[in-house]
Structure formats: C-alpha cells, structure tokens
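# Secondary and tertiary structure notes
Listed below are the residues making up each chain.
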Amino acid sequence: MDNEIAERLTAVRRRIEAAGRRFDPAGRPVTLIAVSKGFGPETVAPALAAGQLEFGENRVQEAAAKWPALKADHPGVVLHMIGPLQTNKVRDAVALFDVIHTVDRDRLAGALAGEMARQARQLPVFVEVNIGGEVQKAGVGVDETVDFVARCRGEHGLEVRGLMCIPPMGEAPGPYFAHLATLARAAGVEGLSMGMSSDFEQAIWMGATHVRVGTAIFGARRQPAQPDVNRTRR
Ligand SMILES: *Cc1c(COP(=O)(O)O)cnc(C)c1O
C-alpha cells in the first residue's frame, strides 16, 4: 500500500513534467497539490515520506483532526484549502491552512482579511470562479471576476495569487481552463489552480500553475466521491 502510493505519486509527477514540456521545451513549473480528503494520516504518511509537501483538503473539520500533528512532524508542509469555506470556520481555517483557494464573496474576503490581521498570518488566496455559470456551484461569476479580484486586493487587502475553478462535470474541460486563463490575464493575476486526476494534463497545457490531484495518488475515496463544489450558505 505504502509503495503503491509512492509509485502513483512518482507517476503523476512524471506526467506533470511531461505536460509542462509539451508546449515549452524548458518546462513550466507546476505545483502538485496532493488532495488527501477522505484519507487518514496513515495514507498521507507514505506521500510525505516520498517528499510530497503540498496537500489539499476541502473541509476545515476533517483537516483540523488530521493535520496539526502531521504538520508538527513535517514543518515544510503547505496545506491548501480547496473546499467551500463558511465564515464561521474562518478562524480555524486561517490558523491551519497556508493557502485558501475558494474566496468567492466579499463577506468571506472581509472575514479572512480580518482574521489574518488578528492572527498576524497573511495567507495567499485564490479567487474561485464559477466558470461554467452553474447555479448550484460556488464561485464568483465570470463577469464579476475582474472587479472582485480588484476588491479583494484593494478593499480587503488580500494577497490574490490567482484564480481557481472546477469545470462542469461531464463536459470537455479544455475550453473552461482556457477561459480561466484569459480571466486571470484580465484580472492581472499569475496563478491558475485548475485540473484534477482526470484532466490535469489538459489544465497544464492551458497554463495551470497548481493542479489538485487526489484519486490518481491515493486511490478511490470511500466517500464522498465528488468534489464538494456547492455554494456555501451566504
Ligand atoms: C476532491 C477535489 C479534487 C481532487 O479530485 P480527484 O478527482 O480525486 O483528483 C480537486 N479539487 C477539488 C476542489 C476537490 O474537492
């Protein structure tokens, strides 16, 4: 089992490297975020042992049960929050995570900024974009993205690193990735958090700087099988 995870991790890293060289012989640096949601510390351990330091979780409570001990043993760990964030979880999220990928409304941006100041922990963030315009899905609207990024920076004082998206299920993701890249240029941000197990190579071809890969490294989750993508209660 441990060996299997290390081998899958190596295979994913090789595919990321190859994808980064596809249209750029020098290769583009891509951060692999290993998504460990749904798995316990015993499953994360072999990935840490293999040198993986960037991890993603989508629930504050689950991450708070799992990561403080692992982080104490592995000080280099960078923990990414990739799931919907409620304002009443912001305090715990700022204490535990190192990057937040799911900023999608002013109330959350303001709460995060206030909490970062209080804890003296300035975390970089990504703005989540509802790239497919799906009613049930989290994320700022495509048409609001540029203004919202400007407000996050200007009014809330957040360090916006880039944009994040989860394309609609069951559709070819490429055009959505390309659209996110266009929006990032318009908004003046460099980072693109896009691509999961089934489509990370395409995401890299379209400019992803961060890919979020779970299943291809850790295997199938018992539950929940789907990313938690729904809108948070406002
Ligand atoms: C679960 C999840 C992933 C990883 O999905 P896999 O298909 O297991 O690679 C990526 N991003 C988000 C937001 C997720 O919730």
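Treat the numbers as computed from the prediction; the structure is a model and nothing was measured. (Residues numbered from 1 in each chain as written. Predicted model: local features only at pLDDT ≥ 70, side-chain atom pairs only at ≥ 80, totals over all residues. Heavy atoms only, no water.)

Moving on, we come to the packing of aromatic side chains. Scanning the entire structure with this criterion turns up three aromatic pairs. When the ring of Phe39 is compared with that of Phe218, the centres are 5.7 Å apart and the planes differ by 40°; the resulting orientation is tilted. Of this pair, Phe39 sits in the loop between β1 (31-35) and α2 (41-49) while Phe218 is found in helix α9 (residues 215-218), placing the two residues 179 residues apart along the sequence. When sorted by exposure, Phe39 lands in the same class as Phe218, which is buried. The interplanar angle of 45° and the centroid separation of 4.9 Å between the aromatic rings of Phe55 and Trp67 together place this pair among those described as tilted. (Phe/Tyr/Trp six-rings, centres within 6.5 Å; stacked < 30°, edge-to-face > 60°. Helix = DSSP H or I, 4+ residues; strand = E, 2+ residues; numbered from the N terminus. Buried < 20%, exposed > 50% of the residue type's maximum accessible area, 1.4 Å probe, protein only.)

The next thing to look at is the pairing of strand β6 (residues 159-164). Along a regular strand, successive side chains alternate from one face of the sheet to the other. Strand direction decides the pairing type here: strand β5 (residues 124-128) and β6, joined by five bridges, are parallel. If you follow Glu128 over to β6, its bridge partner there is Met164. With respect to chirality, the unit in which β5 leads through helix α6 (residues 145-154) into the neighbouring parallel β6 is right-handed. Examined bridge by bridge, β6 and strand β7 (residues 191-193) share three bridges and lie parallel to one another. Each bridged residue has a counterpart across the sheet, and for Leu163 the counterpart in β7 is Leu192. Once you follow β6 into helix α7 (residues 174-187) and on to β7, the crossover reads as right-handed. (Pairing = 2+ DSSP bridges. Right-handed = clockwise from strand over helix to strand, strands pointing away.)

Attention now moves to the site of the ligand. As a matter of local geometry, the ligand sits amid 14 residues, with Lys37, Ser197, Gly214, Thr215 and Arg221 nearest to it. Side-chain polar atom of Lys37 to an oxygen atom of the ligand: 2.7 Å apart, as the coordinates give it. Within the side chain of Thr215, an N or O atom sits 2.5 Å from an oxygen atom of the ligand. Relative to its free-state accessible area of 390 Å², the ligand is covered by the protein chains to the extent of 95%. Residues that form the shell around the ligand fall into these classes: seven nonpolar, three polar and four charged. (Near = heavy atom within 4 Å. Polar contact = N/O pair within 3.5 Å; in protein donor to acceptor, adjacent residues only side chain to side chain. Areas by Shrake-Rupley, 256 points an atom, 1.4 Å probe, with all protein chains shown as cover. Nonpolar A, V, L, I, M, F, W, Y, C, P; charged D, E, K, R; others polar.)

Relative to the helices and strands, Arg212 is located in strand β8 (residues 210-213). Buried within the structure, Arg212 lacks any salt-bridge partner; Asp199 is the closest side chain of opposite charge, at an N-O distance of 7.2 Å. From its side chain, Arg212 meets the backbone oxygen of Ser193 in a polar contact 2.8 Å long. Excluding its chain neighbours within four sequence positions, the residues that come into contact with Arg212 are Ile33, Val35, Ile82, Met164, Cys165, Ile166, Ser193, Met194, Gly195, Met196 and Ser197. (Lys, Arg positive; Asp, Glu negative; His and termini not counted. Salt bridge = Lys/Arg side-chain N within 4 Å of Asp/Glu carboxyl O. Contact = heavy atoms within 4.5 Å.)

The buried fraction of strand β4 (residues 99-103) is high, at five of five residues. Following the backbone out of strand β3 (residues 78-81), through helix α4 (residues 90-96) and into the adjacent parallel β4, one traces a crossover that is right-handed. Where β4 and β5 come together, two bridges link them in parallel fashion. Residue pairing across strands places Ile100 opposite Val125, the latter belonging to β5. Assessed by its sense of winding, the connection that carries the chain from β4 through helix α5 (residues 106-119) to β5 is right-handed.

The next point concerns helix α1 (residues 2-22). For α1, which comprises 21 residues, the first-to-last C-alpha distance of 31 Å matches the rise-based estimate of 30 Å (1.5 Å per residue) to within 8%. Restricting attention to buried positions, one finds in α1 the residues Ile5, Leu9, Val12, Ile16, Ala19 and Gly20. One face of α1 carries all of its buried residues, which in axial projection span an arc of 100°. The outward face of α1, more than 90 degrees from its buried face, is lined by the exposed residues Asn3, Glu7, Arg14 and Glu17. Those residues of α1 hidden inside the fold are in contact with β1, α2, α8 (200-205), β8 and α9. (Expected span 1.5 Å × (residues − 1). Arc of directions from axis to C-beta.)

By themselves, these are just geometric observations and shouldn't be taken as functional.
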